[in-house]
Amino acid sequence: MTANHDHAIPSSIPSSSPPPCSRTSLSNLVDNIITCLEEKNVENIKQYLDENIQYVTEGKIINNIDDVLSSITSLLSSFSSIQFFVKRKIIDEEQGIIAIEALTRSLPSSSSPSSSTSSSPSSSPPSSASSQDSSSTTSQPPRRLRSFSRGSRSPSPSISIISERQIAWIIRATEDIPAGKKAQIKEWKTWRDPVWRVELEDKDTPLPKEVWQRSACPTFESRSYIEGLLVKNSEAYEKNNMSTWKECVHNEIIMHPPWDTLIGIDCCLKAARIFHSEYRDTKITKVGMIYDKEQPGCVAYQQIFQTTNRETSKEGKDEDYVFVEIVDGKIRYWRTYFDTGKSTQTTDQTFKSKVISASLNHHHQQAEQQHHYQQS
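Residues numbered from 1 in each chain as written. Predicted model: local features only at pLDDT ≥ 70, side-chain atom pairs only at ≥ 80, totals over all residues. Heavy atoms only, no water.

### Side note on the environment of E235
In plain terms, the rule: By definition, any uninterrupted DSSP run of H or I lasting at least four residues is a helix, any uninterrupted run of E lasting at least two residues is a strand, and each is numbered from the N terminus. Three exposure classes are used, based on accessible area relative to the maximum for each residue type with a 1.4 Å probe and protein chains only: buried under 20%, partly exposed in between, and exposed over 50%.
Along the chain, the position of E235 falls in helix α4 (residues 223-238). For E235, a relative accessible area of 39% corresponds to the partly exposed category. Separated by 10 residues in sequence, E235 and W245 have C-alpha atoms that sit 8.4 Å apart.

Spelled out as structure tokens, the structure:
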């Protein structure tokens, strides 16, 4: 998601404000929206949208509810079917905000231009629990959503050309919901990982495992402590102060931007050095934080990331979705979503690219040495 529009960024609701709605209401709101999307029932979605909703998707800001519904209709028309597998929910009752990450599997419609094309997987092949199916009707209560680890409930016939993607949402509910009235969405922001795109031939292909697994010994940290830690982490990174940055991250740190997966503090430090050698004038501004008091150490937040490409002098500014896990007072996992297509960063200036390039050069040198040895 590109943040070319600062006015699209909501300010945080003060913690002293009364809770707009309960934890259950927020969770049900997302479940209901996903059920409607899977059933392609746009008419039912309308009841969950505030009349003055702000919807931000693919860099576009939409404020009119009819235009929001039109945008959703257009999106759904490109699929003949779509399934959501929710990886996690972060629920902040004090602010009335819920953040989710999910994996989607969609079958393009026959009229969709993408239905006749295919792209290579950008990540490891799936290797977790099997996928099953669950059915419901619009007259029944929303079904329990398939979890990321469990998959759906019963096997179904194989379907070809299924596109697997990863997405993130931040949803803010309308304040002061009257008793007995359903929660509605006041603000809805969406991100999609532009790199993770796997084409599947079978709907029941096992879901992929995440490289990161939550700590078996989670630790509780207060909202204020995590706010301070994230500010310290961002300031250290933008100033290329790696000694201070190391104080903020766990030895088991995993960092996962769209095109890299960095495991371990040494790997992350190498990536940081590469980043700062390729970019300058970096500034990171955190915008709001979603704090879940029932999930110790798990938070989501938005940040505005600005930097300038040293080679091209191109300045970039994008709005990122970030999920972090805090363990023992330090960042153990960091996952971000942003629009790489509109970012000043390029794939050949990333840690992954540098490692691959170094590896290829190493193998090339070895081959030349072997060839020289054989000739002599």
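Having seen the model, we can carry on.
### What to know about the side chain of Q303
Under the convention used in this document: Residue contacts follow a heavy-atom distance rule, with two residues in contact if any of their heavy atoms lie within 4.5 Å.
Examined against the element boundaries, Q303 turns out to sit in strand β11 (residues 298-309). Taking the relative accessible area as the measure of exposure, Q303 reaches 4% and is therefore buried. For Q303, the residues in contact, after removing those within four places along its chain, are I284, T285, K286, V287, D318, E319, D320, V322 and W334.

### With respect to the pattern of salt bridges
Applied cut-off: Counted as salt bridges are all cases of a side-chain nitrogen of Lys or Arg within 4 Å of a carboxyl oxygen of Asp or Glu.
Under the counting rule described, the total for this entry stands at 20 salt bridges. A salt bridge links K89 to D31; the shortest N-O distance between them is 2.7 Å. Taken together, the residues span a long stretch of sequence, with K89 in strand β3 (residues 79-92) and D31 in helix α1 (residues 23-38) at a distance of 58 residues. By relative accessible area, which is 19% here, K89 ends up buried. The class for D31 is buried, based on a relative accessible area of 12%. Via salt bridges that share partners, K87, R88, E101 and E210 belong to a single interconnected network.

### Let's talk about the sheet that holds strand β13 (residues 330-337)
Stated formally: We treat two strands as partners when DSSP finds at least two bridges between them. Axis definition: a line fitted to C-alpha atoms, limited for helices to the stretch in contact. Angles are taken between N-to-C directions and run from 0 to 180 degrees.
Across the sheet, six strands lie side by side as β9-β8-β13-β12-β11-β10; this open sheet has mixed pairing. A strand with exactly one partner marks an edge of an open sheet, and here the two such strands are β9 (262-263) and β10 (279-291). Where β10 meets β11, 10 bridges bridge the pair, whose relative direction is antiparallel. Bridge assignment links Y279 to a residue of β11, and that residue is N309. Strands β8 (249-256), β10, β11, β12 (315-327) and β13 of the sheet are contacted by α4, whose axis makes an angle of about 170° with β10.

### Quick word on α1
Defined as follows: Here, expected helix span is obtained from the residue count minus one, scaled by 1.5 Å.
The terminal C-alpha atoms of α1 lie 23 Å apart, and with 16 residues this matches the ideal 22 Å at 1.5 Å per residue to within 8%. Trailing α1 by a residue or two, K40 shows a phi angle of about 55°, which is positive.

These figures come from the coordinates and say nothing about function on their own.
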